[in-house]
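# Residue-level structural notes
In case you want the letters, here they are:
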Amino acid sequence: MGTPNQRVVVAVHPGAERYGSDRMFVESVRGLLAAGCHVIAVLPGPGPLCADLTDAGADVDFAPLPVLRKSALKPAGLATLIADTVRSARHTRDLLRRHRPDAVYVSTLTIPTWIAAARLHRTRVVCHVHEAEPHAPRPVRLGLASPLMLADSLILNSAFAGTVLTDTLPALASRITVVPNGVAGPPHEPTPPRTTLDGPIRVVFVGRLSPRKGPDIALAAVRRLRDQGHDIRLTLIGSVFTGYEWFEDQLRRDAATDIADGTLTMRGFTDDIWSELAHADIALVPSVMPEPFGNAAVEAILARRPVVASRIGGLVEAVAGADSAALATAGDPDDLARAIDDLISRWPTIAAATDAACAHARHAFAPQRYRHTVATIVTARPTSPAEETDS
């Protein structure tokens, strides 16, 4: 339990895994704890994230979290969402009454019921938006963005995400603060890249195996480079979201020959991405759909590995300032192959540039800066009418 004078923050997150926004949620909680808050982290159920949160010093509670998904656009999906919302309302109300928080931090725009509940309890609410879907139909984007009008402040992880949101609902602009993700580097000094590319060129993809992340585009690009005479191998690191098993099955079928001849290795999920990056020469982030940010690209830079990322969404911001990074047209294996080939052709210069790129990323995406900024926004005290008059 917190002390009587301690600020209490309920921090809500829709998952309990250790991917992307899950890890950022832990970093946000660490920032709030460092600011002296008593944090109650609310998750939909047990998972790997629970241990990370309790180790950090937070209390963990579980609650049903109705999540806005595309399926809610269909009658059956909408009925399920309404039923889940009704069932969760009492639990949410009881939890807020029990903890009486000074602020509620909601780590996604897809659980708007918590934003509304905090407003009903006259509690400061901050929503951290990790999503950016510019190609979604406007009614969908408007439906997701409208509940954010109830939030006191919004945190977004890139200027791109901010543009997507304000293009949908311009009135939100005054509430937005862009806070780039805080990305931790390897626990040890990163291994420098090879000075010469003797032997097979090792290329790695780290991320979810899904159509939007582009592992199939990476494989197609590597095939083109092999056709051009390069001795190059690709390793895919990552697993699938539940429901996307079909994609991995399809990928394995299409790549059966590549797997058999050693051109492609599929390792699945690992907690130790740093060992995989250390073993690689070049990292690929070939996303087909816009990413709000690009943790995987920053991690490659922090590991002192040249990286090729798609010229799309927040990935452009993630690699900005890194001379060891290149951009390629999203969804175009020919352009991805061209960008990889360009790095290979300039290898001594590119390898030498990884040190400065790493130093830049350590500063620009420092976890300490991220934690402090998020905590400052969440714990900000409302300006009283008298203070507004004086100013």
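Predicted, not measured: the structure shown is a model, and the values here were computed from it.

It is worth spelling out the sheet that holds strand β2 (residues 38-43) at this point. If you trace the seven strands from one edge of the open sheet to the other, you get β3-β2-β1-β4-β5-β6-β7, paired in parallel fashion. Across the chains shown, the open sheet's two edge strands, defined by having one partner strand only, are β3 (59-62) and β7 (176-178). Sheet twist, expressed as the average angle between the axes of neighbouring strands with direction ignored, equals 20°. Summarising the sheet, strand β6 (residues 153-156) and β7 pair through three bridges and their orientation is parallel. Looking at β7, one finds that Leu-156 is bridged to Val-178. Together, β1 (8-12), β2, β4 (103-106) and β5 (124-129) form the strand contacts of helix α4 (residues 112-120), whose direction differs from that of β4 by roughly 170°.

Two elements in contact, helix α1 (residues 20-34) and helix α2 (residues 48-56), have axes separated by 10 Å at closest approach and are oriented at 15°. In terms of orientation, α1 lies roughly parallel with respect to α2. Crossing geometry of α1 relative to α2 is assigned as right-handed. For the pair α1 and α2, the contacting residues are Asp-22, Phe-25, Val-26, Val-29, Arg-30 and Leu-33 in the first and Leu-49, Asp-52, Leu-53 and Ala-56 in the second.

We now examine the packing of α1 against helix α15 (residues 367-378). Two numbers describe how α1 lies on α15: the axes approach to 8 Å, and their chain directions differ by 65°. On the basis of the axis angle, α1 is roughly perpendicular to α15. Crossing of α1 over α15 shows right-handed handedness. Contacts between α1 and α15 involve Met-24, Glu-27, Ser-28, Arg-30, Gly-31 and Leu-32 on the former and, on the latter, Pro-367, Tyr-370, Arg-371, Val-374, Ala-375 and Val-378.

At Arg-100, a position not held by glycine, the phi torsion is positive, near 45°. Among the structural elements, Arg-100 can be located in the loop between α3 (75-99) and β4. Among the residues examined, Arg-100 registers a relative accessible area of 67% and is labelled exposed.

On to the side chain of Thr-123, then. Here Thr-123 is to be found in the loop between α4 and β5. Beyond its immediate chain neighbours, meaning those up to four positions away, Thr-123 contacts Pro-101, Asp-102, Ala-103, Val-104, Ala-118 and Asp-152.

Attention now goes to helix α7 (residues 215-227). Because each turn of an α-helix spans 3.6 residues, side chains separated by three or four positions end up pointing in the same direction. The terminal C-alpha atoms of α7 lie 19 Å apart, and with 13 residues this matches the ideal 18 Å at 1.5 Å per residue to within 8%. Restricting attention to buried positions, one finds in α7 the residues Pro-215, Ile-217, Ala-218, Leu-219, Ala-220, Ala-221, Val-222 and Leu-225.

Before going further, it helps to spend a moment on the pairing of β3. Bridge analysis of β2 against β3 gives four bridges, and the strand direction is parallel. Bridging from a neighbouring strand, Leu-43 pairs with Phe-62 of β3. Taking the sense of rotation as the criterion, the β-α-β connection linking β2, α2 and β3 turns out right-handed.

On to the pattern of salt bridges. For the structure on display, the rule yields 17 salt bridges. A salt bridge links Glu-27 to Arg-30, with the nearest nitrogen and oxygen atoms 2.9 Å apart. In this pair, Glu-27 and Arg-30 are both assigned in helix α1, three residues apart and thus about one turn of the helix distant. Its relative accessible area of 8% is what places Glu-27 among the buried residues.

Formed by 34 residues in total, the largest nonpolar core has its most connected members in Leu-234, Leu-236, Ile-282, Leu-284, Val-308, Leu-336 and Ile-340. Apart from residues no more than four positions distant in its own chain, Leu-336 is found in contact with Ile-217, Ala-218, Ala-221, Leu-284, Pro-286, Val-308 and Ala-328. Among the nonpolar cores identified, the runner-up in size contains 33 residues, and Leu-65, Ala-118, Ala-132 and Leu-154 belong to it.

Moving on, we come to the packing of aromatic side chains. Counted under the stated rule, the structure contains four aromatic pairs. An angle of 75° between the planes, with centres 5.5 Å apart, marks the rings of Phe-293 and Phe-365 as edge-to-face. Here Phe-293 is found in the loop between β11 (282-285) and α11 (295-302), whereas its partner Phe-365 is found in the loop between α14 (347-364) and α15, with 72 residues between them in sequence. Residue class for Phe-293 comes out buried when judged on its relative accessible area of 5%. Accessibility expressed as a relative area gives 6% for Phe-365, which makes it buried. The rings of Tyr-244, Trp-246 and Phe-247 are connected pair by pair, giving a single aromatic cluster.

So, about the confidence of the model for the chain. Across the chain, the average pLDDT comes to 90, with 91% of residues at or above 70. The model gives residues 384-391 a pLDDT under 50, and that stretch makes two contacts with residues more than four places away or in other chains.

Here the focus is α14. Under the 1.5 Å per step criterion, the end-to-end length of α14 is 25 Å for 18 residues, consistent within 8% with the ideal 26 Å. In the structure, α14 departs most strongly from a straight axis at Thr-354, where the bend amounts to approximately 30°. At its buried positions, α14 is contacted by β11, α11 and α13 (333-345).

With that settled, the discussion passes to the sheet that holds strand β9 (residues 232-237). As summarised here, the arrangement of the six strands in space is β10-β9-β8-β11-β12-β13, forming an open sheet in which the pairing is parallel. A strand with exactly one partner marks an edge of an open sheet, and here the two such strands are β10 (264-268) and β13 (325-328). Neighbour to neighbour, the strand axes of the sheet diverge by 20° on average, direction disregarded. Two strands pair when backbone bridges link them, and strand β8 (residues 201-206) and β9 are joined in this way by six bridges, in the parallel orientation. Of the residues in β9, the one forming a bridge with Val-203 is Leu-234.

The rules we used
- As a convention, each chain's residues are numbered from 1 in the sequence order in which they are written.
- This being a predicted model, a pLDDT of at least 70 is required before a residue's local features are given, and a value of 80 or more before pairs of side-chain atoms are given or counted; all residues contribute to the totals for chains, interfaces and linings.
- As a rule here, side-chain values cover all heavy atoms of the structure and leave hydrogens and water aside.
- Two strands are counted as paired when DSSP detects at least two bridges linking them.
- For helices the rule is a DSSP run of H or I covering at least 4 residues; for strands it is a run of E covering at least 2, with both sets numbered from the N terminus onward.
- Here the axes come from fitting lines to C-alpha atoms, over the contacting stretch only for helices, and the angles between their N-to-C directions go from 0 to 180 degrees.
- In what follows, residue pairs with any heavy atoms lying within 4.5 Å of each other are defined as contacts.
- Angles are sorted into four bins: roughly parallel if under 35 degrees, roughly antiparallel if over 145, roughly perpendicular if 65 to 115, and oblique for all others.
- By convention the crossing between two helices is left-handed if the near helix lies anticlockwise of the far one by an angle smaller than a right angle, and right-handed if it lies clockwise.
- Each residue's exposure class comes from its accessible area (1.4 Å probe, protein chains only) as a fraction of the maximum for that residue type: buried when under 20%, exposed when over 50%, partly exposed otherwise.
- The span one expects for a helix is its residue count, reduced by one, times 1.5 Å.
- By the criterion used throughout, a crossover qualifies as right-handed when its path from the first strand across the helix to the second strand runs clockwise, the strands pointing away from the viewer.
- A pairing counts as a salt bridge when a side-chain nitrogen of Lys or Arg comes within 4 Å of a carboxyl oxygen of Asp or Glu.
- For our purposes a nonpolar core is just a set of buried Ala, Val, Leu, Ile, Met, Phe, Trp, Tyr and Cys residues, chained together by side-chain atoms within 4.5 Å.
- Under the pairing criterion, centres of Phe, Tyr and Trp rings, with the six-membered ring standing for Trp, must be within 6.5 Å; the plane angle then separates stacked pairs below 30 degrees from edge-to-face pairs above 60, leaving the rest tilted.
- pLDDT measures how confident the predictor is about each residue, on a scale from 0 to 100.
- One axis fitted to the seven residues ending at a residue, another fitted to the seven starting there: the angle between these axes is the bend at that residue.

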